[in-house]
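Chain by chain, the residues:
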Amino acid sequence: MSIIGDIVEEVVGDSDGETIGDIEIDIDLGGSGDGGDAVTDSGDEGDSESGSGNSVGGTIGNIEVDIDLGSSGGENNSVTDSGNEGNSGSNSGNGTGSDSNSNSNSNSNSSQGDSPKQYVFEVDGNRVTSMSELFNGTLRPLVIGENDTVVVEGDIIIHTTQTHFGDHITWYADSNKDGLHTRHSELCVVSDEISHKPHTIPAIIDILLYSSTDKDDLLAVREGDVSFGGLGADRFVVREVGHLKIGDFDSSQGDELVFDLGLGLTSLEHLVSFVTGVTYNNQDLVVSFGTEASVTLVGIDINNIGLNDIAVFS
Ligand SMILES: [Ca+2]
Ligand SMILES: [Ca+2]
Ligand SMILES: [Ca+2]
């Protein structure tokens, strides 16, 4: 079954707070290194494989992760991060992309590059009659379903979707008025009237932004946009199963990766149990969850990020 199926089954099935049994992930990506960089992220003994190449090992509760990153390391560097201690690594100005988040529409047609995903709306009065997204230079129609309401309010497009927890609202803006909108912010409005299983509704009920400031931001991480936090302790909130990318994650600033999917994830261990692969190439860390989902942290120092930079709410 696919990873998504697993997650859905976990939520829809008999997930009454059951604990995950012993789960061991041991992935060797076949590196050609002759030394191992052992990064141990817990007080417990990791599963110390003898494979060559760089490896990340850790034990989280009953779950062991021992992943061979397969890069061509030379000498043995051992970094131990004990439990919940902060990562105290020195960060040498990892400024990747921190200046490119000005939310200006570049009119680029690329949906996969660093420019934000762009949308086109057809409007009749205050009502949006159709919406599409620009993908590889062509407009791809998006369905406005019976659970969707899309309206115009001034210069802003407001898209409200009724969900199992209440309303999800996305605001779109076209600051340079070229007819191409980008996502500005989003909000989950959790209904009081519906009873929910724990962890199946979003925990964060504040507005998430799609562009950053130099202060501490709460940012949406969505497929198609590269999320930038800029300066400050930013919380990158994952709300979507998809291929996600963060352009300037910086643990030393207090940045945090937050999973708030509403899919029934109960803990960090639970999330880790769905990890199928980790790669670290050219300072990009890619964590895969099957073929349908991944999180890429661009330009990070592997020694300066740990499991304590991640929070799991739902
Ligand atoms: Ca625009
Ligand atoms: Ca910020
Ligand atoms: Ca930051």
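Residues numbered from 1 in each chain as written. Chains lettered and ligands numbered in written order. Predicted model: local features only at pLDDT ≥ 70, side-chain atom pairs only at ≥ 80, totals over all residues.

Trainee: Quick question: what am I supposed to make of the sheet that holds strand β17 (residues 243-246) here?
Mentor: In sheet architecture, strand pairing relies on hydrogen bonds along the backbone and comes in two forms, parallel and antiparallel. On the basis of which strands lie adjacent, the open sheet formed by 5 strands has the order β15-β17-β21-β20-β19 and mixed pairing. Each end of this open sheet is capped by a strand with a single partner; those strands are β15 (226-227) and β19 (277-281). Both β19 and strand β20 (residues 284-289) contribute to a ladder of 5 bridges, which runs antiparallel. Bridging across to β20, Asn-281 finds its partner in Asp-284. (Pairing = 2+ DSSP bridges. Helix = DSSP H or I, 4+ residues; strand = E, 2+ residues; numbered from the N terminus.)

Trainee: What's the story with unusual backbone geometry in this structure? I'm lost.
Mentor: Peptide bonds are mostly trans, and most non-glycine residues show a negative phi. The phi angle at Asn-136 is positive, at roughly 50°, despite the residue not being glycine. Mapped onto the elements, Asn-136 comes out in the loop between β7 (127-135) and β8 (138-142). By C-beta crowding, Asn-136 is classed as exposed, having 9 other C-beta atoms within 10 Å. Although it is not a glycine, Asn-282 sits at a positive phi angle of roughly 50°. With respect to the element layout, Asn-282 can be found in the loop between β19 and β20. (Buried ≥ 20, exposed ≤ 12 C-beta atoms within 10 Å, placed from the backbone.)

Trainee: For this particular structure, what's the right way to read the environment of Gly-154?
Mentor: Relative to the assigned elements, Gly-154 resides in the loop between β9 (148-153) and β10 (156-162). For the pair formed by Gly-154 and Ala-173, sequence separation is 19 residues and the distance between their alpha carbons is 10.0 Å.

Trainee: Explain the environment of Val-238 to me, please; I cannot follow it from the model alone.
Mentor: Inspection of the secondary structure assignment puts Val-238 in strand β16 (residues 235-238). Among the residues examined, Val-238 registers 23 C-beta atoms within 10 Å and is labelled buried.

Trainee: Would you take a moment to explain the nonpolar core for this structure?
Mentor: Note on soluble globular proteins: their nonpolar side chains tend to be buried together. Counting residues in each nonpolar core, the largest one holds 33 residues, and the members touching the most others are Val-221, Phe-236, Val-237 and Val-238. With near-sequence residues (within four places) excluded, Val-237 lies in contact with Ile-204, Leu-208, Leu-218, Leu-219, Ala-220, Val-221, Val-258 and Asp-260. Listed in part, the 7 residues of the second largest apolar core include Tyr-119, Phe-121, Met-131 and Ile-157. (Core = buried A, V, L, I, M, F, W, Y, C linked by C-beta atoms within 7 Å. Contact = placed C-beta atoms within 7 Å.)

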